[in-house]
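# Fold and contact review
As a plain string of letters, each chain reads:
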Amino acid sequence: MTNIKKIPASEITPEHIYNDRRNFIKNLGLILSSSALSTFANTSFGALNSLPSFAQAKNHGNEKLTSLKDITSYNNYYEFGTSKSDPHDHADLLKIDPWSISIEGSVAKPLKLDVDELIKLIPIEERIYRLRCVEGWSMVIPWVGIPLNSLLKKVSPTGNAKYVEFVSLKRPSEMIGQKDDMLDWPYTEGLRLDEAMHPLTILAVGLYGKVLPKQNGAPIRLVVPWKYGFKSIKAITKIRLVEKMPVSTWMKANSREYGFYANVNPEVDHPRWSQSTERRIGESLLAPRLKTEMFNGYQKEVAHLYQGMDLNRYF
Ligand SMILES: Nc1nc2c(c(=O)[nH]1)N[C@H]1C(S)=C(S)[C@@H](COP(=O)(O)O)O[C@H]1N2
Ligand SMILES: [Mo]
């Protein structure tokens, strides 16, 4: 990730980028301006011009995008501490260059590559998704990333691959929250193979047209928009295709409260609080809470994955 330019937050007003197509393209250009990304820029910039970003924004019911400031200062990332401001305050310590990610396990063609190489291999796209945390708040985030299925197809999963396990970084010298053993480090997550292969599932490498801020999981994190935020694991180092259902960090920490599926479901409450409504970050504290949607609004796209399953049991 050498030479990726950092853009001072003061230089851009993200909300405006999306009202001005020219600026939008210019800013996407910025994430491609590093030497590491230039090959991709040269070959694919034409395709970037026709990114379906505006169509996606409309598809999301004209929900207002959450501000860059809120997206980058109100975070859950326990590797840097448990309060919402800790990731913003401490994630800068993390060194993300060099960074390689390996895709291994039950695959015919394992891969180990740098994030730069990855996005040369698979064209990046923009996806505007709502991130709904099990704590009862949500944001609307314009991600930049690649469909996970494009990557998984390249490694040719074998017949034994039924699940996908994701492993985050363990580096207590830089991730100061890991000096505390409140979670079993490294943070891990898992998906069923069909969930991982679903076209909505992405690996994000950026947001608001820029490289991913460290507090949001740089250089690469998962985003599964119909599941609670904790499934969207940050700072991924390993993706492993496996036969048995992986036990995620949150299942280990408290299996009564956190299940494997973690699908957004207003009808299945967390044991200690309701999941029927949510507070949109950035709105006034007096604003009425919004109704949480089944599968976070993607019922049409994903309900078939869970047909016949008792979602009270498989939460
Ligand atoms: N490695 C790692 N990934 C993580 C977490 C974490 O603590 N560590 N927190 C999760 C939770 S609970 C949420 S809600 C989202 C928050 O993503 P955001 O800070 O980019 O909004 O990240 C998820 N991914
Ligand atoms: Mo969360």
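Residues numbered from 1 in each chain as written. Chains lettered and ligands numbered in written order. Predicted model: local features only at pLDDT ≥ 70, side-chain atom pairs only at ≥ 80, totals over all residues. Heavy atoms only, no water.

## Remarks on the overall build of the chain
Counting secondary structure elements, the chain contains eleven helices and twelve strands. Residues counted as buried form 55% of the 315 residues belonging to the chain. Expressed as a percentage of contacts within the chain between residues at least 6 apart in sequence, the contacts between residues at least 24 apart total 71%. Of the accessible surface of the chain, which amounts to about 14,100 Å², a share of 52% is contributed by carbon and sulfur atoms. (Helix = DSSP H or I, 4+ residues; strand = E, 2+ residues; numbered from the N terminus. Buried < 20%, exposed > 50% of the residue type's maximum accessible area, 1.4 Å probe, protein only. Contact = heavy atoms within 4.5 Å. Areas by Shrake-Rupley, 256 points an atom, 1.4 Å probe, with all protein chains shown as cover.)

## Description of the site of ligand 1
In the region of ligand 1, 17 residues are neighbours, and N75, Y78, E79, S232 and K234 sit closest. A distance of 3.2 Å separates a nitrogen atom of ligand 1 from a polar backbone atom of N76. Here N216 contributes a side-chain N or O atom positioned 3.0 Å from an oxygen atom of ligand 1. About the coverage of ligand 1: the protein hides 98% of its 540 Å² of free accessible area. Residue classes in the shell around ligand 1 are distributed as eight nonpolar, six polar and three charged. (Near = heavy atom within 4 Å. Polar contact = N/O pair within 3.5 Å; in protein donor to acceptor, adjacent residues only side chain to side chain. Nonpolar A, V, L, I, M, F, W, Y, C, P; charged D, E, K, R; others polar.)

## Examining empty space enclosed by the protein
If you roll a probe as big as a water molecule over the atoms, it shows you where there is empty space left. The tally for this structure, following the rule as stated, stands at two cavities of 30 Å³ or more. Looking at the second largest cavity, its volume works out to about 50 Å³. Considering the residues around the second largest cavity, the lining is formed by Y129, R130, L131, R132, W143, V223, V224, P225, K227 and S232. The biggest single contributor to the lining of the second largest cavity is strand β3 (residues 125-132), with four residues. (1 Å grid on protein atoms, 1.4 Å probe; cavity = no way out; pocket = protein on both sides within 12 Å on 5 of 7 lines; lining within 4 Å. Points joined across faces, edges and corners; volume = space filled by probe spheres on them.)

## Some points on the side chain of N296
Along the chain, the position of N296 falls in the loop between β12 (290-291) and α11 (299-302). The exposure class of N296 is buried, given its relative accessible area of 1%. Excluding residues within four positions of it along the chain, N296 makes contact with R130, R132, P225, W226 and V264.

## Remarks on unusual backbone geometry
Residue D97 is joined to P98 through a cis peptide bond whose omega torsion reads 5°. Assignment of secondary structure puts P98 in the loop between α6 (86-90) and β1 (100-105). With omega at -5°, the peptide bond leading from W185 into P186 counts as cis. Inspection of the secondary structure puts P186 in the loop between β5 (163-168) and β6 (188-192). Look at Y208: it is not a glycine, yet its phi comes out positive at around 50°. As for its position among the elements, Y208 is in the loop between β7 (202-207) and β8 (210-211). Y208 gets classed as buried once you look at its relative accessible area, which sits at 1%. Positive phi outside glycine occurs at N296, with the angle close to 55°.

## Regarding the layout of surface pockets
If you add up the space inside the second largest pocket, you get close to 430 Å³. Lining the second largest pocket are 27 residues, and of these N76, Y77, Y187, G229 and F230 sit closest to its centre. Counting residues per element, the lining of the second largest pocket draws most heavily on strand β4 (residues 137-147), which supplies four residues.

## With respect to the pattern of salt bridges
Across all of its chains, the model carries 18 salt bridges by this definition. Notably, a salt bridge pairs E63 with R280, separated by 3.0 Å at the nearest N-O pair. Highlighted residues: E63 in the loop between α4 (53-59) and α5 (68-73) and R280 in strand β11 (residues 277-280), separated in sequence by 217 residues. The shortest N-O distance in the salt bridge between E174 and K95 comes to 3.5 Å. Here E174 is found in the loop between β5 and β6, whereas its partner K95 is found in the loop between α6 and β1, with 79 residues between them in sequence. Looking at E174, the relative accessible area reads 10%, which means it is buried. Connected through shared salt-bridge partners, E63, R130, R132, E278, R280 and E293 make up one network. (Salt bridge = Lys/Arg side-chain N within 4 Å of Asp/Glu carboxyl O.)

## Looking at the side chain of R221
Summarising the element assignment, R221 is placed in strand β9 (residues 221-223). No salt bridge is formed by the buried R221. Its closest oppositely charged neighbour is E79, at 10 Å. Among the polar contacts listed, one links the side chain of R221 to the backbone oxygen of N216, at a separation of 2.8 Å. In this structure R221 touches L131, W143, I202, L203, A204, L212, N216, S232, I233, K234, A235 and I236, once residues within four positions along its chain are discounted. (Lys, Arg positive; Asp, Glu negative; His and termini not counted.)

## Side note on the packing of aromatic side chains
In the structure shown here, the tally under the stated rule is eleven aromatic pairs. Between Y74 and W137, the aromatic rings sit 5.1 Å apart at their centres with planes inclined by 85°, giving edge-to-face as the arrangement. Of the two residues, Y74 is situated in the loop between α5 and α6 and W137 in strand β4; the sequence distance between them amounts to 63 residues. Here Y74 falls in the partly exposed class, since its relative accessible area comes to 23%. Residue W137 is classed as buried on the basis of its relative accessible area, which comes to 6%. An angle of 90° between the planes, with centres 4.8 Å apart, marks the rings of Y77 and F80 as edge-to-face. Residue Y77 shares its accessibility class with F80, and that shared class is buried. (Phe/Tyr/Trp six-rings, centres within 6.5 Å; stacked < 30°, edge-to-face > 60°.)

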